[in-house]
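# Report on the structure
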Amino acid sequence: MTTVIDGRELQPPEPMERTLEALDKLAEGDDVLLLLYCQPHPLFNILRNSGYAWSEEVQTDGTREIRIRKAPG
């Protein structure tokens, strides 16, 4: 199951807070899709240090789709 967090119109740090809350509840095989207009470098550092993997795709409207899941292994 994918949990979608649309952070495009939210003020910092709300997108990161919502994402971290969703990751705490993440079941094996599920992921979180975070929608933003910027790269969340502080979040990437937290994800890297907490054992998560992510991929990022930029849409034509500038939306960054960041898909986060538990790193394998």
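Each remark here, short or long, concerns the structure printed above.
Residues numbered from 1 in each chain as written. Predicted model: local features only at pLDDT ≥ 70, side-chain atom pairs only at ≥ 80, totals over all residues. Heavy atoms only, no water.

## Looking at the sheet that holds strand β4 (residues 64-70)
Reading across the sheet, the four strands line up as β1-β2-β4-β3 and stay open at both edges, with mixed pairing between neighbours. Sheet topology places β1 (2-6) and β3 (52-58) at the edges, where each strand pairs with a single neighbour. Adjacent strand axes in the sheet meet at a mean angle of 20°, parallel and antiparallel pairs treated alike. Of the strands in this sheet, β1, β2 (31-36), β3 and β4 touch helix α1 (residues 14-24), which is tilted by about 170° from β2. On the sheet, helix α2 (residues 41-49) packs against β2, β3 and β4 and is oriented at approximately 145° with respect to β3. (Pairing = 2+ DSSP bridges. Helix = DSSP H or I, 4+ residues; strand = E, 2+ residues; numbered from the N terminus. Axes fitted to C-alpha atoms, helices over the stretch in contact; angles between N-to-C directions. Contact = heavy atoms within 4.5 Å.)

## As for the environment of Val 32
Take Val 32: it is sitting in strand β2. Taking the relative accessible area as the measure of exposure, Val 32 reaches 0% and is therefore buried. When the C-alpha positions of Val 32 and Ile 5 are compared, they lie 7.4 Å apart, and in sequence the two are 27 residues distant. Residues within four places of Val 32 in sequence aside, it is in contact with Thr 3, Ile 5, Thr 19, Ala 22, Leu 23, Leu 26, Ile 66, Arg 67 and Ile 68. (Buried < 20%, exposed > 50% of the residue type's maximum accessible area, 1.4 Å probe, protein only.)

## What about unusual backbone geometry?
Of note, the amide linkage connecting Pro 12 to Pro 13 takes the cis form, showing an omega dihedral of 5°. Here Pro 13 shows up in the loop between β1 and α1.

## Section: α2
Of the residues making up α2, those classed as buried are Leu 43, Phe 44 and Leu 47. On an axial view of α2, the arc spanned by its buried residues comes to 100°, and they lie on one face. In α2, the exposed residues that point more than 90 degrees away from the buried face are Pro 42, Arg 48 and Asn 49. On its buried face, α2 sits against α1, β2, β3 and β4. Positive phi shows up at Gly 51, right after α2, with a value of about 85°. (Arc of directions from axis to C-beta.)

## A word on the pattern of salt bridges
Pairing of side chains with opposite charge becomes possible as their charged atoms draw close. Tallied over the entire structure, the rule returns four salt bridges. Two residues, Arg 18 and Glu 14, come together in a salt bridge whose shortest N-O distance is 2.6 Å. Residue Arg 18 and its partner Glu 14 are both found in helix α1; the two are separated by four residues, about one turn of the helix. Residue Arg 64 pairs with Glu 56 through a salt bridge whose shortest N-O separation is 2.8 Å. Residue Arg 64 is classed as partly exposed on the basis of its relative accessible area of 21%. You can call Glu 56 partly exposed: its relative accessible area is 31%. (Salt bridge = Lys/Arg side-chain N within 4 Å of Asp/Glu carboxyl O.)

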